[in-house]
Amino acid sequence: MRSTGVHHVDLVVSSIERSLPFYRDLLAPLGYHGISEVEGERGETIYYLWGPAASIGLREAQSPSRAPYDRYAIGLHHLAVDAASRAAVDERAEWLRATGAEIESGPQEYVYSLGYYAVFFYDPDGLKLEIVHVPRHAA
């Protein structure tokens, strides 16, 4: 049986009140228009933002954290979200600047593949995110 790709990714955030509006506003222009609530295995609410090919779930942390997030420890290094065009990457980068989000680099071309154009930035908890456009001919 052939897979069609990643179905969803769940992220744990420190505050749903802070992170849900950030992700909703970040992702809506990229086609993430739906939202649903699901009960998690510990009774917590998971908020799923539906996208063109996958969903991103947000749930509030239930375990205390003694250290800041370390993307080089076991776990998620970063999450990349596809954009339909370079203009969409640029527009989201402008939105990130306007909201005061920390941008690591870009938007610019990277050597990962021909035409790879991305912006790397951090969510309110310091999770590294990327918005990327790769032209179809280069993929």
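Here the structure is shown first, and the text comes after it.
My aim in this report is to walk through the structure given alongside it, one point at a time. Remember, predicted model here, so these are calculated numbers, not experimental data.

Regarding its fold elements, the protein presents two helices and eight strands. Reading the protein from its N end, one meets helices and strands in the order β-α-β-β-β-β-α-β-β-β. Computed over the C-alpha atoms, the radius of gyration of the protein is 15 Å, within 12% of the 14 Å expected from 2.2 N^0.38 for a compact globule of 139 residues. Expressed as lengths along the three principal axes of its C-alpha atoms, the size of the protein is roughly 45 × 40 × 30 Å. Sequence-distant contacts in the protein: of pairs separated by 6 or more residues, those separated by 24 or more amount to 50%. Total accessible area computed for the protein in this model is approximately 8500 Å², and 54% of it derives from carbon and sulfur atoms. Taken together, the 12 basic and 19 acidic charged side chains of the protein have centroids lying 4 Å from each other.

Pairing within the open sheet is mixed, and its four strands lie in the order S1-S4-S3-S2. Edge strands, defined here as strands with exactly one partner in the open sheet, are strand S1 (8-13) and strand S2 (34-39). For this sheet, the mean angle separating the axes of adjacent strands, direction not counted, is 25°. Strand direction decides the pairing type here: S2 and strand S3 (residues 45-50), joined by six bridges, are antiparallel. Bridge pairing links Glu39 to Thr45 in S3.

Let us now look at the packing of helix H1 (residues 16-27) against helix H2 (residues 86-99). Viewed as axis vectors pointing N to C, H1 and H2 meet at an angle of 150°, and their least axial separation amounts to 10 Å. Taken as axis vectors, H1 and H2 run roughly antiparallel relative to one another. In this structure, H1 crosses over H2, and the sense of that crossing is right-handed. Contacts between H1 and H2 involve Phe22, Asp25 and Leu26 from the first element and Arg92, Trp95 and Leu96 from the second.

Moving on, we come to the pairing of strand S8 (residues 128-133). Where burial is concerned, most of S8 is hidden: six out of the six residues are buried. Alternating residues of S8 divide into Lys128, Glu130 and Val132 and Leu129, Ile131 and His133, and every residue in both groups is buried. Taken together, the four bridges between strand S5 (residues 79-82) and S8 define a ladder with parallel strand orientation. Within S8, the position partnered with Val81 by the bridge is Ile131. Relative to S8, strand S7 (residues 117-122) runs antiparallel, the two sharing six bridges.

Across the sheet, four strands lie side by side as S5-S8-S7-S6; this open sheet has mixed pairing. Two strands lie at the open edges of the sheet, namely S5 and strand S6 (103-109), each paired on one side alone. Direction aside, the axes of adjacent strands within the sheet are offset by 15° on average. As defined by bridge partners, S6 adjoins S7 across four bridges and the pair is classed as antiparallel. Bridge pairing in S7 links Glu109 to Tyr117. Taken strand by strand, H1 contacts S5, S7 and S8, and its axis lies near 10° from that of S8.

Rules of the game
Residues numbered from 1 in each chain as written. Predicted model: local features only at pLDDT ≥ 70, side-chain atom pairs only at ≥ 80, totals over all residues. Heavy atoms only, no water. Helix = DSSP H or I, 4+ residues; strand = E, 2+ residues; numbered from the N terminus. Rg over C-alpha atoms; globule rule 2.2 N^0.38 Å. Contact = heavy atoms within 4.5 Å. Areas by Shrake-Rupley, 256 points an atom, 1.4 Å probe, with all protein chains shown as cover. Lys, Arg positive; Asp, Glu negative; His and termini not counted. Charge placed at Lys NZ, Arg CZ, Asp CG, Glu CD. Pairing = 2+ DSSP bridges. Axes fitted to C-alpha atoms, helices over the stretch in contact; angles between N-to-C directions. Parallel < 35°, antiparallel > 145°, perpendicular 65-115°, else oblique. Left-handed = near helix turned anticlockwise from the far one by under 90°. Buried < 20%, exposed > 50% of the residue type's maximum accessible area, 1.4 Å probe, protein only.

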